[in-house]
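Results of the structural survey
Given next are the chains, with one letter for each unit.
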There are 2 protein chains.
Amino acid sequence: MTAVCEPAVYEKVALIGLGLIAGSMAWAMKRDGTAGEVRGYARSAESREMTRRLGFCDVVCDDLAEVVQDADLIVLATPVGVMGRVAETIAPHLKPGAVVIDVGSVKRTVIEEVAPHIPEGVHFVPCHPMAGTEHSGPASGFASLFDNRWCLIVPVEGTPEAEVARLESYWQRLGARTERMEPEHHDLVCAVVSHVPHLIAYTMVGVADDLRRVSDQEVIKFSAAGFRDFTRIAASDPTMWRDVFLTNKEATLEILGRFTEELFALQRAIRTGDGEQLHAYFTRTRAIRRGILQAGQDTDKPDFGRTR
Amino acid sequence: MTAVCEPAVYEKVALIGLGLIAGSMAWAMKRDGTAGEVRGYARSAESREMTRRLGFCDVVCDDLAEVVQDADLIVLATPVGVMGRVAETIAPHLKPGAVVIDVGSVKRTVIEEVAPHIPEGVHFVPCHPMAGTEHSGPASGFASLFDNRWCLIVPVEGTPEAEVARLESYWQRLGARTERMEPEHHDLVCAVVSHVPHLIAYTMVGVADDLRRVSDQEVIKFSAAGFRDFTRIAASDPTMWRDVFLTNKEATLEILGRFTEELFALQRAIRTGDGEQLHAYFTRTRAIRRGILQAGQDTDKPDFGRTR
Ligand SMILES: NC(=O)c1ccc[n+]([C@@H]2O[C@H](COP(=O)([O-])OP(=O)(O)OC[C@H]3O[C@@H](n4cnc5c(N)ncnc54)[C@H](OP(=O)(O)O)[C@@H]3O)[C@@H](O)[C@H]2O)c1
Ligand SMILES: NC(=O)c1ccc[n+]([C@@H]2O[C@H](COP(=O)([O-])OP(=O)(O)OC[C@H]3O[C@@H](n4cnc5c(N)ncnc54)[C@H](OP(=O)(O)O)[C@@H]3O)[C@@H](O)[C@H]2O)c1
């Protein structure tokens, strides 16, 4: 972490959407003085009121025009499905030289829907901080969410290098490491490391919930045998995830196709009793876990170090 | 937990297999004086040597006949695929009145393979403690593994009620709660809460590892977005899991069939852009998570309370 005495990277920051990501950004900015002033806006009066009580924004505004006025950095932190509409609404109120970023989990569709609304003289730089939890809403954010995590930056053509570099230093001040990526590649990588795993977890939990022959009570009692890990992921916000799948359709379907192909191969090995194939498969997958631990991307404590 | 001054439930306990489960049982017995003396045996000299160094058994024996001699409780804690053979080997050395249990993750096949070898006057009571971590081997056990977890007991016909009740109090002394279940139902419940989730996690990690267009380095770096949860499960012992799938074939294939059916329905909703169906599905699955948290079967800290 950088020393608190460094100057703010952006003087005025506006957060649109006040959930896990925006809240964590606000707390992280506070921790490090990354912004001069932070304003926030969310759709519902409840979320705005809650944010006022929690105190992670200097000002909470009741409309979109007000929150973006004079802002140097505007952060779209809503579900991806509404970002185009939000961009259209704020466009007339953006000041020249401002930077608009989004933190959406999908990049190609967001760029298609947001970029056309960005006025001349304003820069749009798509971002995706690769960190999250299963919780959502204003009360779920915390300052260390981005520490040691990667934030992918997906610049569109014509953005001045200086603006991208400044944004990189902004994310680094929030604790993240940054990397640039093409939108299509971003969406494919995320389909693999996030979107399809979430879909699968949702599906498995749905199956368990739906089975007549095994009661929900049994599923709940005996979940420690592996299943409960899936339920954590499948407790994530339904609106956010609906939008992710609808906007990253292509890459999701591609990876799902690969997944079912492999699953059928393993299913066949089980049916035919091919123990060697199963053993070889289960051995190979251990290497990836080792890599994640060595890269400091997870704890090696048993069971994630859960306390019970 | 019970006070330390209660008498031992079994005087002499023999552990066959010295991995996560046996090690945790030994540490838990020590914590609470549940056994007078604990002996252990594992296949390899390394595991036996490691166990001697770790000190969780009073005596480590170098052969099977020796370890079971005079034992009041014999615990089969090897992968399920070898339990039949182990039972056959120890059978002539069991003392009358002894109790043999297994801790295998599958019950119907284990009963079929073990029960025929159990001599007259010896009681075989299949058990399954529903707790584990992704680690294995003698060094992976710890005393609190079973605390507040369920141990399923699957008595076979003709076992005296007193023996089953005694075993229940044994598991309760190790920290577990007990419940009795029929073998077929056990295998189905475990297919849902454990076996199929493991297979799916292995598959997803295999897919990620195999994709040419996304590098392993990328998968590792960006795994915090959800994928790393799957890698934990997919780091579990390959031999144990091979045996689970080969011996719980029927229930695994049944639940897998249900899983792919649901997955195809969600895939179709993505393809056709049916946001309502996705949203409804993702909302329903949250209730199960809530149930697990209320039942005290998981932590509600974000991200399992991982420290990083
Ligand atoms: N959660 C993660 O793991 C994660 C990780 C990386 C990126 N992301 C991305 O980050 C974004 C935000 O996710 P989050 O987890 O922070 O979500 P969240 O906790 O559910 O918060 C979403 C926020 O957006 C607001 N909102 C919704 N519709 C709006 C509209 N039409 N106008 C203005 N505000 C609106 C909500 O307001 P109300 O409360 O009033 O409804 C809420 O404050 C999403 O695009 C997501 O894809 C999420
Ligand atoms: N891990 C879980 O999450 C979990 C949960 C509930 C139940 N279970 C069940 O518990 C049993 C043990 O699992 P675990 O996790 O403790 O496994 P583990 O840590 O891999 O240990 C297995 C032990 O069995 C020994 N072994 C293997 N083949 C043997 C043979 N032919 N004769 C004697 N010993 C042999 C191994 O000896 P070497 O070290 O010398 O190879 C090792 O000590 C399995 O049946 C599993 O299905 C596991």
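Residues numbered from 1 in each chain as written. Chains lettered and ligands numbered in written order. Predicted model: local features only at pLDDT ≥ 70, side-chain atom pairs only at ≥ 80, totals over all residues. Heavy atoms only, no water.

1. Some points on the site of ligand 1
All names here are of chain A. In plain terms, the rule: Definition of nearness: a residue and a molecule or strand are near each other if at least one heavy atom of the residue lies within 4 Å of the molecule or strand. Here a polar contact is recorded for every N or O atom pair within 3.5 Å, except that within protein the pair must consist of a potential hydrogen donor and a potential acceptor, and residues adjacent in sequence are included only if both atoms are side-chain atoms. Throughout, the Shrake-Rupley method with a 1.4 Å probe supplies accessible areas, and for residues the shown protein chains are the sole cover considered. Labels follow the DSSP assignment, with helices taken as runs of H or I lasting at least four residues and strands as runs of E lasting at least two, numbered in each case from the N terminus. Residues are grouped as follows: nonpolar covers Ala, Val, Leu, Ile, Met, Phe, Trp, Tyr, Cys and Pro; charged covers Asp, Glu, Lys and Arg; every other residue, Gly included, is treated as polar.
The environment of ligand 1 is made up of 28 residues, and the closest members are R43, S44, S47, T78 and S105. Between ligand 1 and L18 there is a distance of 2.8 Å, counted from an oxygen atom to a backbone nitrogen or oxygen. Here S44 contributes a side-chain N or O atom positioned 2.6 Å from an oxygen atom of ligand 1. Its free accessible area being 900 Å², ligand 1 has 88% of it covered by the protein chains. For the shell around ligand 1, the elements supplying multiple residues, two or more each, are helix 1 (20-32) and strand 6 (123-129). Residue classes in the shell around ligand 1 are distributed as 14 nonpolar, 12 polar and 2 charged.

2. Some points on the site of ligand 2
Residue and element names in this part refer to chain B. In the vicinity of ligand 2 there are 28 residues, among which R43, S44, S47, T78 and S105 approach most closely. Backbone polar atom of L18 to an oxygen atom of ligand 2: 2.7 Å apart, as the coordinates give it. When isolated, ligand 2 has an accessible area of 900 Å², and the protein chains bury 89% of it. Every element with two or more residues in the shell around ligand 2 is listed here: helix 1 (20-32) and strand 6 (123-129).

3. Details of the relation of the copies chain A and chain B
For clarity, the threshold we go by: All copies are superposed by least squares; the fitting set is the C-alpha atoms of residues with a pLDDT of at least 70 in both. Between two residues, a contact is recorded if the distance between any of their heavy atoms is within 4.5 Å.
Once chain A is rotated about the relating axis by 180° and shifted along it by 0.0 Å, it coincides with chain B to within an RMSD of 0.0 Å. Taken together, these values place the two copies in the relation of a two-fold axis. A share of 100% of interface residues in chain A that are also interface residues in chain B marks the association as one of identical surfaces.

4. Quick notes on the domain arrangement of chain A
Accessible area lost on assembly of the parts is the figure often given for the size of an interface. Residue and element names in this part refer to chain A. Counted only if it meets this: These domain limits were set by an automatic method or by a database of domain assignments. By buried area we mean the combined loss of accessible area, with a 1.4 Å probe, across both parts when two parts are placed together. A pairing counts as a salt bridge when a side-chain nitrogen of Lys or Arg comes within 4 Å of a carboxyl oxygen of Asp or Glu.
Domain assignment breaks chain A into domain 1 (10-181) and domain 2 (185-273). Computed over C-alpha atoms only, the centres of domain 1 and domain 2 are separated by 29 Å. Every contact between the two is made by 17 residues of domain 1 and, on the other side, 18 residues of domain 2. Of the roughly 1,400 Å² buried at the junction of domain 1 and domain 2 (both faces included), carbon and sulfur atoms supply 64%. At the surface where domain 1 touches domain 2, the tally comes to 2 salt bridges. With its nearest N and O atoms 2.8 Å apart, the salt bridge here joins E134 to R232. At the junction of domain 1 and domain 2, the tally comes to 7 residue pairs in polar contact (both at pLDDT 80 or more). Residues that form the side of domain 1 that touches domain 2 fall into these classes: 8 nonpolar, 6 polar and 3 charged.

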